[in-house]
Structure formats: structure tokens, C-alpha cells
Amino acid sequence: MSEMAEKDPKQAAAHMSEDKKDDIMQNFKTFKDYLGDQVHKGEKLGLGEEGLSKGAKRVADYLAKHEEPRNREEKVLNELWNVANEEERQHMSHVLVKLADQTN
């Protein structure tokens, strides 16, 4: 999540083309692959689990507020995120990093 950990997700999204966003978000496997690539980049930069999870949480907060889910899996994640409290969101961020890390 180097991209995600280094900059504000709003800035990262602003620099990403709509086509690229659509490519990533349309298919859940592609979305997981993208997250996995970002986790591996973050690990190479020396980010530990806590740093990766903080980056994942910032991205998830951004997605929940600014992007519509584009498939069933993203819809479930969005609904879970929206009903979770802050502590639960932190736990979910750790799980998302684990999921993404195991993807690639």
C-alpha cells in the first residue's frame, strides 16, 4: 500500500484515470490483486503490519465515502465498513492487508 500509505487516498484517486479505477474496481479479483501489489510495495519500503493497516484504513475510509461499490463483494465490504465502529474498522484493515498479502 505504498501509494496508499504515502499519500492521501483522495490525492491518489485524483491522479488515477477513471478507466484505471474502473479496471481495478469492476472485478473483485483484480481489486484484490491491486491491493496485494500495494501491500508488497509497502513491505519493500519497510512498512510493517501496523503501517500497512493504517494505509488500508485510510483507503477504505475514502472508498466508503467517495466510490460506489462495483461488484457484490465490494458492496458487502462497504456495508460492513459503514456499520463498523472505529475499533472494528482497525481490525478489518488488518484482515484486508492479510487478504491482499495472500493474493499475490
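From a predicted model like this one, the values you see are computed outputs, not experimental measurements.

Visitor: Is there a simple way to think about helix α7 (residues 86-103) in this case?
Guide: Given a rise of 1.5 Å per residue, 18 residues ought to cover 26 Å, and the 26 Å separating the end C-alpha atoms of α7 matches this to within 8%. Every buried residue belonging to α7 is among Arg89, Met92, Ser93, Leu96, Val97 and Ala100, and all of these are buried. One side of α7 carries all its buried residues, which in axial view fall inside an arc of 145°. The outward face of α7, more than 90 degrees from its buried face, is lined by the exposed residues Glu87, Val95, Lys98 and Gln102. If you follow the buried residues of α7, they end up packed against α4 (28-44), α5 (49-66) and α6 (72-83). With a side-chain oxygen lying 3.1 Å from the backbone nitrogen of Glu87, the N-terminal cap of α7 falls on Asn85.

Visitor: Help me understand the side chain of Lys57 in this model?
Guide: Among the structural elements, Lys57 can be located in helix α5. Classification of Lys57 as buried rests on a relative accessible area of 13%. Those residues in contact with Lys57 that sit more than four places away from it in its chain are Trp81, Glu86, Arg89, Gln90 and Ser93.

Visitor: Help me out: how do you make sense of the packing of α5 against α7 in this one?
Guide: Where α5 contacts α7, the two axes come as close as 8 Å, and the packing angle between them is 110°. On the basis of their axis angle, the class for α5 and α7 is roughly perpendicular. In the packing of α5 onto α7, the handedness of the crossing is right-handed. Together, Glu49, Glu50, Leu52, Ser53, Ala56, Lys57 and Asp61 of α5 and Glu86, Arg89, Gln90, Ser93, His94 and Val97 of α7 make up the contact between the two elements. Classifying every residue of the contact of α5 with α7 gives three nonpolar, four polar and six charged.

Visitor: Where do I start with the nonpolar core in this structure?
Guide: Burial of nonpolar side chains together is a common tendency in soluble globular proteins. Ranked by size, the top nonpolar core spans twelve residues in total: Met16, Ile24, Met25, Phe28, Phe31, Tyr34, Leu35, Val39, Leu52, Ala56, Val97 and Ala100. Among the elements of the structure, α3 (18-26), α4, α5 and α7 are those that each provide at least two residues to this core. Per element, the largest residue contribution to this core is five residues, and it comes from α4. Once residues lying within four places of it in the same chain are set aside, the contact partners of Val97 are Val39, Leu52, Ser53 and Ala56.

Visitor: Please clarify how the packing of α5 against α6 should be interpreted in this entry.
Guide: Packed helix pairs are specified by the crossing angle of their axes together with the interaxial distance, meaning the distance between the axes. Taken N-terminus to C-terminus, the directions of α5 and α6 make an angle of 100°; their axes are 10 Å apart at the nearest point. Here α6 runs roughly perpendicular to α5, going by the angle between their axes. Residues Lys57, Ala60, Asp61, Leu63 and Ala64 of α5 form the contact with α6, whose participating residues are Asn78, Trp81 and Asn82. In terms of residue class, the contact of α5 with α6 is built from four nonpolar, two polar and two charged.

Visitor: Please clarify how α6 should be interpreted in this entry.
Guide: It helps to recall that an α-helix has 3.6 residues per turn; residues three or four apart then point in one direction. For α6, built from twelve residues, the straight-helix expectation of 16 Å at 1.5 Å per residue is met to within 8% by its first-to-last C-alpha distance of 17 Å. Listed in full, the buried residues belonging to α6 are Glu74, Asn78 and Trp81. Looking straight down α6, one finds its buried side chains confined to an arc of 65°; they lie on one side. Turned more than 90 degrees off the buried face of α6, the exposed positions are Arg72 and Val83. Measuring from the side-chain oxygen of the N-cap residue of α6 to the backbone nitrogen of Glu73 gives 3.2 Å; that N-cap residue is Asn71.

Reading the values: the criteria
- Residues numbered from 1 in each chain as written.
- Predicted model: local features only at pLDDT ≥ 70, side-chain atom pairs only at ≥ 80, totals over all residues.
- Heavy atoms only, no water.
- Helix = DSSP H or I, 4+ residues; strand = E, 2+ residues; numbered from the N terminus.
- Expected span 1.5 Å × (residues − 1).
- Buried < 20%, exposed > 50% of the residue type's maximum accessible area, 1.4 Å probe, protein only.
- Arc of directions from axis to C-beta.
- Contact = heavy atoms within 4.5 Å.
- Polar contact = N/O pair within 3.5 Å; in protein donor to acceptor, adjacent residues only side chain to side chain.
- Axes fitted to C-alpha atoms, helices over the stretch in contact; angles between N-to-C directions.
- Parallel < 35°, antiparallel > 145°, perpendicular 65-115°, else oblique.
- Left-handed = near helix turned anticlockwise from the far one by under 90°.
- Nonpolar A, V, L, I, M, F, W, Y, C, P; charged D, E, K, R; others polar.
- Core = buried A, V, L, I, M, F, W, Y, C linked by side-chain atoms within 4.5 Å.

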